[in-house]
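Summary of structural features
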Amino acid sequence: MSTPGLVARVQKWSAEQPWRLYASQISVLVRGEVRRSLFSRRRIWVYLLAAIPVLILLSSDLFGPRSTEAWYIERTTQVLAGIIQLYYVRLGIFFACMGIFTWLFRGEMVERTLHYQFMVPVRKEVLVIGKFLAGTLISIALFEAAILSCFYLAYARFGSAGSSYVFDGPGMSQLGSYLLVTALACLGYGAVFLALSLLFKNPIVPGIVLMGWETIVPIFPGWAQRLSVTFYLKHLCPVTLPVEGPMAIFTVVAEPVAPILAVLGLFSLAFVVLVLSCLLIHRIEITYTVE
Amino acid sequence: MTPGDRQIVFENVSKFYGEVLGVNRVSFALDPGITSLVGPNGSGKTTLMNLLTGLIKPTQGSIRVLGLTPNQPIAFFRRVGYCTQFDSFPPGTTGYDFIFWPLRLHGFGKEQAAKLTSEALERAGMSQFARRKVAGYSKGMRQRMRLAQAIAHHPSVLVLDEPLNGLDPMARAESIALFQELARQGMHVLISSHILEEVDRISDRVVLISSGYVVAEGQIREVRKEVRDHPLQILVRCSNAPRLASAAFELDHVVEAKILNDGRGVLIRTRDAEEFYLLLNKIVSGGLVEVDAVAPADDDVNSIYQYLIGSTGGPS
């Protein structure tokens, strides 16, 4: 087929089936963004954020005390809950999402390459969704791998007692909950940071404000708590952490909500914020000199 | 189809960056062919091109390209290709990927995109360097790679911001030949350039811009005629220069007749070229003077630019 014929045929196809075109564009955008971001040197600090607890648990396995007593497994479960709820959900995933999602557009502004994305026949909304999905995929892959590693390292050292706790006891269900919480945390924080990056030239300051909000939100009324990501995640965590001592500042005392509502609530929050991002992207102009 | 559906139309377009003027009250309509945007540094050429392609939005006014606006990105960017002046590329990308992936976003399948990529690379003379990373390219190679990307999807409108910058003479000649070929095929080719001689040689029309205002627009000779403050210069090479000079001086509209140093020509400055040509015909047919050549000496872009904008144009 001649080149003009080929061009005309693709134009006709995409005009007749726009949704197939959007799906194909999203797929191309996700692959491009993953290829560009996943192995970037700029991401090393994000990998470190995910790897720190894994390295600590690994050194504990190698050099720490060993016991197969039931109370020690219970204690390990509490330690693992602390690592996931206090470190990963409140800090690790939070800051990693800040780094990954704010860089999706703002990074391209800094590298002066965003105009290439604006000069292709792609709706801006499709661009936002494609980049958001890429960021979500990267962050979920990274942190789910970290959670799986932590879980394995936490119970593997107990031998058959550990296997029994995981496969015959509550272990597997807890793992499933943690993986769900991790994925939802990436989704929720990711959507919020994407919107912040489109709203502010420097999203770091609003990011810190968000961190403060997520910390103090338990003192606010129920309706205000629903505007926080940790509010929904709290109800999905399988192990309750004691609210005492200096670490209490990082724990959330939330009004009880059914897990299914918590999942739906977080999806709704992410959806609303993503719609906001789709509106905000139309304000962006290519004026690199002011970046 | 209305005439506007074949034109690039700016209607009363202004762009302000805060309180800083980008362009002000720009209106024109361009037909297919090569149009050159000419103006000094900071005059607003890139702003006009970025407005045209939707990279920035007008503060007021409207822009339509073949009846489309950038708010319809799918239809718009199928028909528009833009080679910007931004000399930056996605980190780690190769020349091939730089062309290939945007084509995939157009909706082309792998094989189709590969075919168009190879074709565009060949047209831009970059086939042999395509598998190398763009970071290792020279400035001229990066320029040609951006050009390849802009033409890869066979647009109807090609917008080129300083496309000849950084190119060696051979690549410059090849690029100009490509622009002319594309214009012959019925495309709009909009070029900004400070190399006025080359612009003059290839342009069907010019848009002269200064300090954010369009000061003249149209075919080069038409624009020159409108510059009435500056008499037109006509160079006549002939056998009897003093005779021609004295005859010319008898005409009211001739303000200067300067005999060239070699004595074989006269540089006439006149406010009415048509009248002067009639006189010249009379003199030639009377056998008083043998004329070897007649050429307007200042109806090129450079002269018009100097008259209207008041500088040599300089690098833009």
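The structure contained in this document is the topic of the report that follows. (Residues numbered from 1 in each chain as written. Chains lettered and ligands numbered in written order. Predicted model: local features only at pLDDT ≥ 70, side-chain atom pairs only at ≥ 80, totals over all residues. Heavy atoms only, no water.)

This paragraph deals with the overall build of chain B. Helices and strands together make up the secondary structure of chain B, namely 11 helices and 13 strands. With respect to the principal axes defined by its C-alpha atoms, chain B has extents near 70 × 45 × 40 Å. Of all intrachain contacts in chain B linking residues separated by at least 6 positions in sequence, the fraction that spans at least 24 positions is 67%. The distance from the centre of the 34 positive side-chain charges to the centre of the 34 negative ones in chain B is 8 Å. (Helix = DSSP H or I, 4+ residues; strand = E, 2+ residues; numbered from the N terminus. Contact = heavy atoms within 4.5 Å. Lys, Arg positive; Asp, Glu negative; His and termini not counted. Charge placed at Lys NZ, Arg CZ, Asp CG, Glu CD.)

As a further point, take the nonpolar core. With 149 residues, the main nonpolar core has A:Tyr88, A:Phe105, A:Tyr155, A:Phe193, B:Phe10, B:Val65 and B:Ile99 as its most contacted residues. Tallying contributions element by element places helix H4 (residues 70-110) of chain A first for this core, with 20 residues. Here A:Tyr88 is in contact with A:Leu49, A:Ala50, A:Pro53, A:Val54, A:Ile83, A:Ile93, A:Phe94, A:Phe143, A:Ala146, A:Ile147 and A:Cys150, once residues within four sequence places are set aside. B:Leu232, B:Leu244, B:Leu251 and B:Ile268 belong to the second-largest nonpolar core, a separate cluster that totals 20 residues. (Core = buried A, V, L, I, M, F, W, Y, C linked by side-chain atoms within 4.5 Å. Buried < 20%, exposed > 50% of the residue type's maximum accessible area, 1.4 Å probe, protein only.)

Turning next to the sheet that holds strand E4 (residues 60-65) of chain B. Residue and element names in this part refer to chain B. Sheet architecture is open: three strands sit in the order E2-E1-E4, paired in antiparallel fashion. Both outer strands of the open sheet, strand E2 (20-30) and E4, are each paired with one neighbouring strand and no more. Direction aside, the axes of adjacent strands within the sheet are offset by 20° on average. Direction of pairing for strand E1 (residues 8-17) relative to E2: antiparallel, over a ladder of seven bridges. When the sheet's bridge partners are listed, Val-9 is paired in E2 with Ala-29. Taken strand by strand, helix H1 (residues 45-52) contacts E1, E2 and E4, and its axis lies near 115° from that of E1. (Pairing = 2+ DSSP bridges. Axes fitted to C-alpha atoms, helices over the stretch in contact; angles between N-to-C directions.)

The interface is formed by 37 residues belonging to chain A together with 32 residues belonging to chain B. Buried surface at the junction of chain A and chain B, summed over both partners, amounts to about 3,200 Å²; 64% is from carbon and sulfur atoms. The three residues of chain A that bury the most area against chain B are A:Tyr116, A:Met119 and A:Pro121, which together make up 21% of that side's buried surface. One salt bridge in this structure joins B:Lys15 and A:Glu285, with 2.9 Å as the shortest N-O distance. Scanning the region where chain A abuts chain B turns up seven residue pairs in polar contact (both at pLDDT 80 or more). Counting only elements with at least two residues in the side of chain A that touches chain B, the list comes to helix H1 (3-16), helix H2 (18-37) and helix H5 (114-118) of chain A. Ranked by the residues each element gives to the side of chain A that touches chain B, the list is headed by H2(A), at nine residues. (Buried area = accessible area lost by both parts, 1.4 Å probe. Salt bridge = Lys/Arg side-chain N within 4 Å of Asp/Glu carboxyl O. Polar contact = N/O pair within 3.5 Å; in protein donor to acceptor, adjacent residues only side chain to side chain.)

All names here are of chain A. A contiguous nonpolar patch, built from Leu-55, Leu-58, Leu-62 and Phe-63 and spanning about 460 Å² of accessible area, is present on the exposed surface. Along the chain, Leu-58 turns up in helix H3 (residues 44-63). Judged by its relative accessible area of 37%, Leu-58 falls in the partly exposed class. (Patch = residues over 30% accessible without salt bridge, like charges linked within 9 Å, V, L, I, M, F, W, Y side chains within 5 Å. Areas by Shrake-Rupley, 256 points an atom, 1.4 Å probe, with all protein chains shown as cover.)

Residues and elements named next belong to chain B. One way to put it is that helix H3 (residues 95-105) packs onto helix H4 (residues 110-123) with a least axis distance of 9 Å and a crossing angle of 135°. For the element pair H3 / H4, the angle class is oblique. Here H3 runs over H4; the crossing is right-handed. Together, Tyr-96, Ile-99, Phe-100, Leu-103 and Arg-104 of H3 and Lys-110, Ala-113, Ala-114, Leu-116, Thr-117, Ala-120 and Leu-121 of H4 make up the contact between the two elements. Classifying every residue of the contact of H3 with H4 by side-chain character gives nine nonpolar, one polar and two charged. (Parallel < 35°, antiparallel > 145°, perpendicular 65-115°, else oblique. Left-handed = near helix turned anticlockwise from the far one by under 90°. Nonpolar A, V, L, I, M, F, W, Y, C, P; charged D, E, K, R; others polar.)

This is a description of form; function is not addressed.
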